Amino acid sequence: MKIDRYERIWMGGVGGVLLFFFGTLANAAIRHGFHPPSHVETINPRGVFQSPQFRQQGVRVDEGGAVHVTVVGMMFAWLPGELALPAATPVTFHLTSVDVIHGFAIVGSNGQSMLIPGYVSQFTTSFQPGEYLITCNEYCGIGHHQMAGKLRVVPKAEWRPPAVAAAPVDGGGHAAH
Ligand code: CUA
């Protein structure tokens with residue numbers, strides 16, 4: 001089959017662009033650990049602050065010693081706005097939004113996820129020591145640029161789990177204010 005010279009050039013160009021695109025995807029996935037989320041969990045977006053999972057935001061350590069972070073995104077803040085975590089330790093993030101779609105992004109790490117009202121986003125990652133900026137990378141309204149937070153990652157030996165607040169008594173009629 002005879003292929004015109006110019007068509008050959010175009011085919012080569014398109015092939016090169018495709019290779020480049022797939023290469024960047026492979027690079028992000030393999031070298032930087034970016035993966036599509038695979039966790040599907042739903043929540044009533046109006047009941048986030050009453051839900052057992054999101055009633056308290058921030059860092060906690062479970063019975064097995066695993067570190068969890070719970071963050072709520074809202075127009076226009078992250079709750080909580082500051083986090084402190086141990087380095088080189090797997091940390092599982094649980095995130096949701098109470099209003100519109102936000103993009104939770106820990107700049108300079110592979111820790112990021114879209115927050116969709118009605119869904120709980122979850123990912124697990126670990127960090128190098130340092131200070132990280134947390135931004136919103138999904139345009140969410142007039143105060144989008146104000147959705148900034150801070151993550152401080154300290155060597156594991158220096159990190160102390162946050163003091164655990166007294167567990168709320170079940171059925172004690174704790175209405176959110
Ligand atoms: Cu939240 Cu942009």
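These numbers were taken from a predicted model, which means no experiment stands behind them.

Cut-offs applied
Residues numbered from 1 in each chain as written. Predicted model: local features only at pLDDT ≥ 70, side-chain atom pairs only at ≥ 80, totals over all residues. Heavy atoms only, no water. Pairing = 2+ DSSP bridges. Helix = DSSP H or I, 4+ residues; strand = E, 2+ residues; numbered from the N terminus. Axes fitted to C-alpha atoms, helices over the stretch in contact; angles between N-to-C directions. Patch = residues over 30% accessible without salt bridge, like charges linked within 9 Å, V, L, I, M, F, W, Y side chains within 5 Å. Areas by Shrake-Rupley, 256 points an atom, 1.4 Å probe, with all protein chains shown as cover. Salt bridge = Lys/Arg side-chain N within 4 Å of Asp/Glu carboxyl O. Buried < 20%, exposed > 50% of the residue type's maximum accessible area, 1.4 Å probe, protein only. Contact = heavy atoms within 4.5 Å.

**Student:** Explain the sheet that holds strand β7 (residues 112-115) here, please?
**Tutor:** Remark on secondary structure: sheet strands pair via backbone hydrogen bonds, oriented parallel or antiparallel. Strand order in the open sheet formed by five strands is β4-β10-β9-β6-β7, with mixed pairing between adjacent strands. Taken across any chain shown, the strands that pair with only one partner, and hence form the sheet edges, are β4 (82-86) and β7. Averaged over neighbouring strand pairs, the angle between their axes works out to 20 degrees when direction is ignored. Bridging between strand β6 (residues 102-106) and strand β9 (residues 130-136) involves three bridges; their strand directions are antiparallel.

**Student:** Looking at this structure, how should I read a nonpolar patch on the surface?
**Tutor:** A surface patch of nonpolar side chains, amounting to about 1,200 Å² of accessible area, comprises Y6, I9, W10, V14, V17, L18, F20, F21, F22 and L25. Within the secondary structure, F21 is located in helix α1 (residues 5-30).

**Student:** Is there a simple way to think about the environment of P80 in this case?
**Tutor:** Structurally, the position occupied by P80 is in the loop between β3 (77-79) and β4. Judged by its relative accessible area of 25%, P80 falls in the partly exposed class. When the C-alpha positions of P80 and Q57 are compared, they lie 6.3 Å apart, and in sequence the two are 23 residues distant. What P80 contacts, discounting residues up to four positions off in sequence, is Q57, G58, T70 and V71.

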